[in-house]
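As a plain string of letters, each chain reads:
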Amino acid sequence: MSFADLHLHTKFSDGTYTPEELVAQAQFHKLAAIALTDHDTVEGCARAAAACADAGIEFIPGSELTSEHDGVEVHILAYFVDMTNASFLAEVAKFQAVRQNRIREMCAKLNDLGIGLQADEVFQLASCHSPGRPHVARALVAGKHCRSLDVAFDRFLKKGRPAFVPKFKMSAPRDIELIHQAGGLAVMAHPALNETDAIIPAIVEAGLDGIEVFHTKHGPGANKRYMDLAKKFNLLVTGGSDCHGMSKGRPLIGTVKLDYSYVEKMKERRAAK
Ligand code: AMP
Ligand code: FE
Ligand code: FE
Ligand code: ZN
(Lines give C-alpha, C1' and ligand atoms only; values in the text may rest on other atoms or scores of the structure.)
(Ligands and ions follow the chains in the order given, each with its own letter.)
Protein backbone atom coordinates (compact mmCIF):
# COMPACT_ATOMS: atom_id res chain seq x y z
CA MET A 1 0.00 0.00 0.00
CA SER A 2 1.23 3.49 -0.65
CA PHE A 3 -0.06 6.72 0.76
CA ALA A 4 -0.24 10.46 0.12
CA ASP A 5 -0.73 13.63 2.15
CA LEU A 6 -2.33 16.34 0.02
CA HIS A 7 -2.71 19.18 2.54
CA LEU A 8 0.56 20.65 3.85
CA HIS A 9 1.90 24.10 4.75
CA THR A 10 5.42 25.55 4.95
CA LYS A 11 7.08 28.81 5.96
CA PHE A 12 5.82 30.29 2.68
CA SER A 13 2.53 30.72 4.55
CA ASP A 14 1.76 29.90 8.17
CA GLY A 15 3.65 26.61 8.55
CA THR A 16 7.02 26.37 10.30
CA TYR A 17 8.89 23.93 8.03
CA THR A 18 10.96 24.88 5.02
CA PRO A 19 9.97 22.91 1.89
CA GLU A 20 13.08 20.73 2.41
CA GLU A 21 12.19 20.01 6.05
CA LEU A 22 8.66 19.11 5.02
CA VAL A 23 9.89 16.70 2.35
CA ALA A 24 12.28 15.10 4.89
CA GLN A 25 9.25 14.50 7.12
CA ALA A 26 7.32 13.03 4.18
CA GLN A 27 10.24 10.68 3.57
CA PHE A 28 10.32 9.70 7.25
CA HIS A 29 6.61 8.82 7.05
CA LYS A 30 7.24 6.88 3.80
CA LEU A 31 4.72 8.89 1.81
CA ALA A 32 4.58 8.13 -1.92
CA ALA A 33 3.15 11.53 -2.88
CA ILE A 34 2.60 14.92 -1.29
CA ALA A 35 0.98 18.21 -2.28
CA LEU A 36 2.05 21.59 -0.92
CA THR A 37 -0.99 23.79 -0.24
CA ASP A 38 0.29 27.02 1.32
CA HIS A 39 -2.33 29.75 1.77
CA ASP A 40 -2.59 32.04 -1.29
CA THR A 41 0.82 31.18 -2.74
CA VAL A 42 2.72 28.60 -4.79
CA GLU A 43 6.13 30.06 -3.91
CA GLY A 44 7.32 27.00 -1.97
CA CYS A 45 6.38 24.56 -4.74
CA ALA A 46 9.56 24.75 -6.84
CA ARG A 47 11.79 23.94 -3.84
CA ALA A 48 9.41 21.23 -2.62
CA ALA A 49 9.35 19.70 -6.12
CA ALA A 50 13.15 19.61 -6.23
CA ALA A 51 13.41 18.05 -2.76
CA CYS A 52 10.73 15.48 -3.68
CA ALA A 53 12.59 14.57 -6.88
CA ASP A 54 15.71 13.85 -4.77
CA ALA A 55 13.68 11.83 -2.27
CA GLY A 56 11.76 9.80 -4.88
CA ILE A 57 8.43 11.28 -3.76
CA GLU A 58 5.78 12.35 -6.26
CA PHE A 59 5.02 16.06 -5.92
CA ILE A 60 1.77 17.85 -6.70
CA PRO A 61 1.91 21.66 -6.78
CA GLY A 62 -0.97 23.31 -4.96
CA SER A 63 -2.34 26.13 -2.87
CA GLU A 64 -5.22 26.79 -0.45
CA LEU A 65 -7.46 29.73 -1.30
CA THR A 66 -9.88 31.29 1.19
CA SER A 67 -13.21 31.83 -0.54
CA GLU A 68 -16.78 32.47 0.44
CA HIS A 69 -20.20 31.66 -0.87
CA ASP A 70 -23.48 33.08 0.50
CA GLY A 71 -21.54 34.49 3.46
CA VAL A 72 -20.01 31.10 4.33
CA GLU A 73 -16.21 30.78 4.40
CA VAL A 74 -14.96 27.92 2.27
CA HIS A 75 -11.34 26.92 1.66
CA ILE A 76 -10.59 25.73 -1.86
CA LEU A 77 -7.53 23.62 -2.52
CA ALA A 78 -5.93 24.00 -5.93
CA TYR A 79 -4.05 20.97 -7.25
CA PHE A 80 -1.82 20.57 -10.32
CA VAL A 81 -1.96 24.30 -11.06
CA ASP A 82 0.61 25.62 -13.50
CA MET A 83 2.98 27.44 -11.14
CA THR A 84 3.89 29.90 -13.90
CA ASN A 85 0.33 30.81 -14.97
CA ALA A 86 0.35 34.63 -15.11
CA SER A 87 -3.28 35.28 -14.17
CA PHE A 88 -3.15 32.80 -11.29
CA LEU A 89 0.01 34.45 -9.96
CA ALA A 90 -1.45 37.95 -10.39
CA GLU A 91 -4.60 36.98 -8.51
CA VAL A 92 -2.80 35.32 -5.57
CA ALA A 93 -0.53 38.38 -5.37
CA LYS A 94 -3.69 40.40 -4.70
CA PHE A 95 -4.73 37.99 -1.93
CA GLN A 96 -1.26 38.40 -0.42
CA ALA A 97 -1.62 42.20 -0.44
CA VAL A 98 -4.97 41.80 1.31
CA ARG A 99 -3.30 39.61 3.94
CA GLN A 100 -0.54 42.18 4.51
CA ASN A 101 -3.05 45.01 4.92
CA ARG A 102 -5.02 42.90 7.33
CA ILE A 103 -1.91 42.42 9.49
CA ARG A 104 -1.54 46.23 9.62
CA GLU A 105 -5.19 46.60 10.65
CA MET A 106 -4.84 43.92 13.34
CA CYS A 107 -1.75 45.66 14.73
CA ALA A 108 -3.57 49.01 14.76
CA LYS A 109 -6.37 47.40 16.78
CA LEU A 110 -3.82 45.87 19.15
CA ASN A 111 -2.17 49.29 19.54
CA ASP A 112 -5.56 50.77 20.44
CA LEU A 113 -5.78 48.11 23.13
CA GLY A 114 -2.41 49.20 24.51
CA ILE A 115 -0.41 46.32 23.00
CA GLY A 116 2.72 47.73 21.40
CA LEU A 117 3.08 45.32 18.49
CA GLN A 118 4.13 46.81 15.15
CA ALA A 119 3.20 45.35 11.76
CA ASP A 120 6.88 45.34 10.78
CA GLU A 121 7.66 42.99 13.67
CA VAL A 122 5.02 40.59 12.35
CA PHE A 123 6.33 40.87 8.78
CA GLN A 124 9.86 40.21 9.96
CA LEU A 125 8.80 37.16 11.94
CA ALA A 126 6.58 35.85 9.11
CA SER A 127 9.17 36.58 6.45
CA CYS A 128 6.77 35.51 3.68
CA HIS A 129 4.35 37.21 1.30
CA SER A 130 1.30 35.46 2.71
CA PRO A 131 1.17 36.28 6.44
CA GLY A 132 -1.82 35.38 8.61
CA ARG A 133 -3.18 35.43 12.12
CA PRO A 134 -0.81 32.66 13.31
CA HIS A 135 2.10 35.04 12.63
CA VAL A 136 0.45 37.77 14.71
CA ALA A 137 -0.08 35.19 17.46
CA ARG A 138 3.59 34.17 17.31
CA ALA A 139 4.68 37.81 17.45
CA LEU A 140 2.42 38.38 20.47
CA VAL A 141 4.07 35.43 22.23
CA ALA A 142 7.58 36.48 21.16
CA GLY A 143 6.93 40.00 22.50
CA LYS A 144 5.71 38.51 25.80
CA HIS A 145 2.26 40.04 25.29
CA CYS A 146 0.66 36.58 25.51
CA ARG A 147 1.68 33.32 27.16
CA SER A 148 0.78 31.05 24.25
CA LEU A 149 -0.64 30.99 20.74
CA ASP A 150 -3.97 29.80 22.09
CA VAL A 151 -4.10 32.71 24.52
CA ALA A 152 -3.30 35.11 21.66
CA PHE A 153 -6.19 33.72 19.59
CA ASP A 154 -8.58 33.54 22.54
CA ARG A 155 -7.86 37.04 23.81
CA PHE A 156 -7.36 38.94 20.57
CA LEU A 157 -7.47 37.17 17.24
CA LYS A 158 -10.48 34.87 17.09
CA LYS A 159 -13.65 36.04 15.39
CA GLY A 160 -15.48 38.23 17.90
CA ARG A 161 -12.27 39.21 19.75
CA PRO A 162 -11.08 42.82 19.73
CA ALA A 163 -8.19 42.55 17.25
CA PHE A 164 -10.03 40.33 14.77
CA VAL A 165 -10.22 41.72 11.25
CA PRO A 166 -12.31 39.88 8.66
CA LYS A 167 -10.48 38.93 5.49
CA PHE A 168 -11.71 39.86 2.03
CA LYS A 169 -12.58 36.63 0.24
CA MET A 170 -13.19 35.88 -3.40
CA SER A 171 -16.36 34.07 -4.31
CA ALA A 172 -15.86 30.32 -4.52
CA PRO A 173 -17.04 30.13 -8.16
CA ARG A 174 -14.45 32.73 -9.17
CA ASP A 175 -11.70 30.88 -7.33
CA ILE A 176 -12.72 27.65 -9.03
CA GLU A 177 -12.58 29.38 -12.40
CA LEU A 178 -9.15 30.80 -11.58
CA ILE A 179 -7.87 27.32 -10.68
CA HIS A 180 -9.33 25.79 -13.84
CA GLN A 181 -7.81 28.37 -16.15
CA ALA A 182 -4.42 27.58 -14.57
CA GLY A 183 -4.92 23.90 -15.43
CA GLY A 184 -5.74 22.82 -11.87
CA LEU A 185 -8.33 20.80 -10.01
CA ALA A 186 -10.47 22.59 -7.38
CA VAL A 187 -11.18 20.70 -4.16
CA MET A 188 -13.19 21.82 -1.14
CA ALA A 189 -10.96 21.66 1.96
CA HIS A 190 -12.10 20.29 5.36
CA PRO A 191 -15.87 20.75 4.74
CA ALA A 192 -16.71 19.82 8.34
CA LEU A 193 -14.69 22.78 9.68
CA ASN A 194 -16.79 25.36 7.89
CA GLU A 195 -20.56 25.30 7.68
CA THR A 196 -20.46 24.32 4.05
CA ASP A 197 -23.09 21.59 3.72
CA ALA A 198 -25.86 23.89 2.49
CA ILE A 199 -23.65 25.44 -0.20
CA ILE A 200 -22.05 22.23 -1.53
CA PRO A 201 -24.60 21.75 -4.37
CA ALA A 202 -24.00 25.33 -5.61
CA ILE A 203 -20.24 24.91 -5.47
CA VAL A 204 -20.48 21.61 -7.34
CA GLU A 205 -22.53 23.46 -9.93
CA ALA A 206 -19.70 26.03 -10.18
CA GLY A 207 -17.31 23.25 -11.23
CA LEU A 208 -15.87 21.81 -8.02
CA ASP A 209 -13.76 18.73 -8.84
CA GLY A 210 -13.30 17.14 -5.44
CA ILE A 211 -13.80 17.19 -1.71
CA GLU A 212 -11.36 16.64 1.16
CA VAL A 213 -12.98 13.67 2.87
CA PHE A 214 -10.01 12.79 5.08
CA HIS A 215 -8.65 15.54 7.35
CA THR A 216 -7.13 15.67 10.83
CA LYS A 217 -10.24 17.28 12.24
CA HIS A 218 -12.74 14.97 10.54
CA GLY A 219 -14.04 12.14 12.69
CA PRO A 220 -15.51 8.87 11.34
CA GLY A 221 -18.93 10.55 11.00
CA ALA A 222 -17.56 13.30 8.77
CA ASN A 223 -15.53 10.80 6.74
CA LYS A 224 -18.65 8.81 5.94
CA ARG A 225 -20.82 11.84 5.33
CA TYR A 226 -18.42 13.42 2.83
CA MET A 227 -17.58 10.09 1.19
CA ASP A 228 -21.31 9.69 0.53
CA LEU A 229 -21.51 13.26 -0.82
CA ALA A 230 -18.47 12.61 -3.06
CA LYS A 231 -20.30 9.62 -4.56
CA LYS A 232 -23.57 11.54 -4.92
CA PHE A 233 -21.92 14.45 -6.76
CA ASN A 234 -19.23 12.42 -8.57
CA LEU A 235 -16.43 14.31 -6.79
CA LEU A 236 -12.82 13.24 -6.40
CA VAL A 237 -11.91 12.16 -2.87
CA THR A 238 -8.81 13.73 -1.31
CA GLY A 239 -7.24 13.94 2.12
CA GLY A 240 -4.43 15.45 4.08
CA SER A 241 -3.15 16.30 7.52
CA ASP A 242 -3.17 20.13 7.16
CA CYS A 243 0.24 20.01 8.86
CA HIS A 244 1.59 23.44 9.82
CA GLY A 245 4.82 22.09 11.30
CA MET A 246 5.30 23.12 14.92
CA SER A 247 2.84 26.03 14.81
CA LYS A 248 -0.13 24.13 16.20
CA GLY A 249 1.61 21.92 18.71
CA ARG A 250 2.86 18.72 17.13
CA PRO A 251 3.47 18.29 13.41
CA LEU A 252 0.51 16.51 11.85
CA ILE A 253 2.17 15.07 8.75
CA GLY A 254 1.78 11.28 8.83
CA THR A 255 -1.47 11.37 10.83
CA VAL A 256 -3.74 11.34 7.77
CA LYS A 257 -2.75 8.91 5.04
CA LEU A 258 -4.68 9.02 1.81
CA ASP A 259 -4.65 5.82 -0.20
CA TYR A 260 -2.59 6.46 -3.33
CA SER A 261 -5.38 5.17 -5.58
CA TYR A 262 -7.19 8.50 -4.99
CA VAL A 263 -4.19 10.36 -6.44
CA GLU A 264 -4.43 8.19 -9.57
CA LYS A 265 -8.09 9.15 -9.90
CA MET A 266 -7.14 12.84 -9.67
CA LYS A 267 -4.61 12.42 -12.45
CA GLU A 268 -7.12 10.54 -14.62
CA ARG A 269 -9.71 13.29 -14.12
CA ARG A 270 -7.19 15.97 -14.98
CA ALA A 271 -6.01 14.14 -18.10
CA ALA A 272 -9.62 13.78 -19.26
CA LYS A 273 -10.28 17.54 -19.02
P1 AMP B 1 -5.97 33.52 8.71
O2 AMP B 1 -5.85 32.81 7.38
O3 AMP B 1 -5.01 34.65 8.84
O4 AMP B 1 -7.37 33.92 9.06
O5 AMP B 1 -5.50 32.48 9.82
C6 AMP B 1 -6.10 31.21 9.85
C7 AMP B 1 -5.11 30.24 10.42
O8 AMP B 1 -5.09 30.40 11.85
C9 AMP B 1 -5.50 28.80 10.12
O10 AMP B 1 -4.36 28.06 9.70
C11 AMP B 1 -6.03 28.34 11.45
O12 AMP B 1 -5.88 26.96 11.61
C13 AMP B 1 -5.17 29.11 12.43
N14 AMP B 1 -5.79 29.18 13.77
C15 AMP B 1 -7.06 29.46 14.07
N16 AMP B 1 -7.26 29.40 15.41
C17 AMP B 1 -6.07 29.05 15.97
C18 AMP B 1 -5.60 28.81 17.31
N19 AMP B 1 -6.43 28.91 18.37
N20 AMP B 1 -4.30 28.48 17.49
C21 AMP B 1 -3.48 28.37 16.45
N22 AMP B 1 -3.84 28.57 15.15
C23 AMP B 1 -5.13 28.91 14.91
FE1 FE C 1 -3.01 27.83 7.92
FE1 FE D 1 -8.01 25.63 5.65
ZN1 ZN E 1 -4.60 24.37 5.40
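Described in the following lines is the structure provided in the data block. (Residues numbered from 1 in each chain as written. Chains lettered and ligands numbered in written order. Predicted model: local features only at pLDDT ≥ 70, side-chain atom pairs only at ≥ 80, totals over all residues. Heavy atoms only, no water.)

### Section: the coordination of the zinc ion (ligand 4)
Coordination angles at a metal have ideal targets, namely 109.5 degrees for four tetrahedral donors and 90 or 180 degrees for six octahedral donors. Operational definition: Water is not part of the atom set, so a site may look incomplete; the donors themselves are N, O and S atoms within 2.8 Å of the metal, or 3.2 Å for Na, K and Ca. Square planar and octahedral assignments, for four and six donors respectively, both demand that opposite donors be over 155 degrees apart and that all other angles lie between 65 and 115; tetrahedral needs four donors with all angles between 85 and 135 degrees, and anything else is irregular. For the purposes of this entry, the term helix denotes a DSSP run of H or I that reaches at least four residues, the term strand denotes a run of E that reaches at least two, and both are numbered from the N terminus. Residue burial is assigned from relative accessible area. The probe radius is 1.4 Å, only protein chains are included, and a residue is buried under 20% of its type maximum, exposed over 50%, and partly exposed in between.
Here the zinc ion (ligand 4) is held by the protein donor atoms His-7 (NE2), His-9 (NE2), Glu-64 (OE) and Asp-242 (OD), which lie 2.1 to 2.3 Å from it. Here the zinc ion (ligand 4) is ringed by 4 donor atoms whose angles at the metal span 77 to 165°, and the overall shape comes out irregular. Of note, the donors binding the zinc ion (ligand 4) are all from one chain and are spaced H-x1-H-x54-E-x177-D. If you look at the zinc ion (ligand 4) and the iron ion (ligand 2), they sit 4.6 Å from each other. With a gap of 178 residues between them, Glu-64 in strand E3 (residues 58-69) and Asp-242 in the loop between strand E8 (236-240) and strand E9 (258-259) connect regions that are remote in the sequence. Note on accessibility: Glu-64 and Asp-242 belong to one class, buried.

### What to know about the coordination of the iron ion (ligand 3)
Coordination of the iron ion (ligand 3) by the protein is provided by Glu-64 (OE), His-75 (ND1) and His-190 (NE2), with metal-donor distances spanning 2.0 to 2.2 Å. Along the chain, the residues donating to the iron ion (ligand 3) are arranged with the sequence spacing E-x10-H-x114-H.

### Topic: the packing of aromatic side chains
Rules: In summary, the pairing rule links any two rings of Phe, Tyr or Trp, Trp by its six-membered ring, whose centres are within 6.5 Å, and it sorts them by plane angle into stacked for under 30 degrees, edge-to-face for over 60 and tilted for everything else. Counted as over-ring charges are cases with an Arg CZ or a Lys NZ within 6 Å of the ring centre that also lie within 35 degrees of the ring normal.
In the structure shown here, the tally under the stated rule is 1 aromatic pair. Ring geometry for Phe-214 and Tyr-262: centres 6.3 Å apart, planes at 50°, overall tilted. Of this pair, Phe-214 sits in strand E7 (residues 210-215) while Tyr-262 is found in helix H10 (residues 260-271), placing the two residues 48 residues apart along the sequence. What makes Phe-214 partly exposed here is its relative accessible area of 23%. The side chain of Arg-225 reaches across the aromatic face of Tyr-226, ending 5.6 Å from its centre.

### A closer look at empty space enclosed by the protein
What counts is decided by this rule: Think of a 1 Å grid over the protein atoms and nothing else: a 1.4 Å probe that fits but is trapped marks a cavity, an open set flanked by protein within 12 Å on at least five of seven lines marks a pocket, and residues with an atom within 4 Å of a point count as lining. Grid points are joined across faces, edges and corners, and a volume is the space filled by probe spheres set on the points. Any residue outside Ala, Val, Leu, Ile, Met, Phe, Trp, Tyr, Cys, Pro, Asp, Glu, Lys and Arg is labelled polar, Gly included; the first ten of those are nonpolar and the last four are charged.
Applying the stated criterion to the full structure yields 1 cavity of 30 Å³ or more. Estimates place the volume of the largest cavity at around 50 Å³. Every residue lining the largest cavity is listed: Asp-40, Thr-66, Phe-95, Val-98, Lys-167, Phe-168, Lys-169 and Met-170. Per-class residue counts for the lining of the largest cavity are 4 nonpolar, 1 polar and 3 charged.

### Re the layout of surface pockets
In this structure, the largest pocket spans a volume of roughly 1,400 Å³. Along the walls of the largest pocket sit 39 residues, with Glu-73, His-75, Arg-133, Phe-153 and Lys-248 positioned nearest its centre. Contributing elements (two or more residues each) for the lining of the largest pocket: E3, strand E4 (72-79), helix H3 (86-112), helix H5 (133-142) and helix H6 (149-157). For the lining of the largest pocket, the element with the highest residue contribution is H5, accounting for 4 residues. Its residues assigned to classes, the lining of the largest pocket comprises 9 nonpolar, 13 polar and 17 charged.

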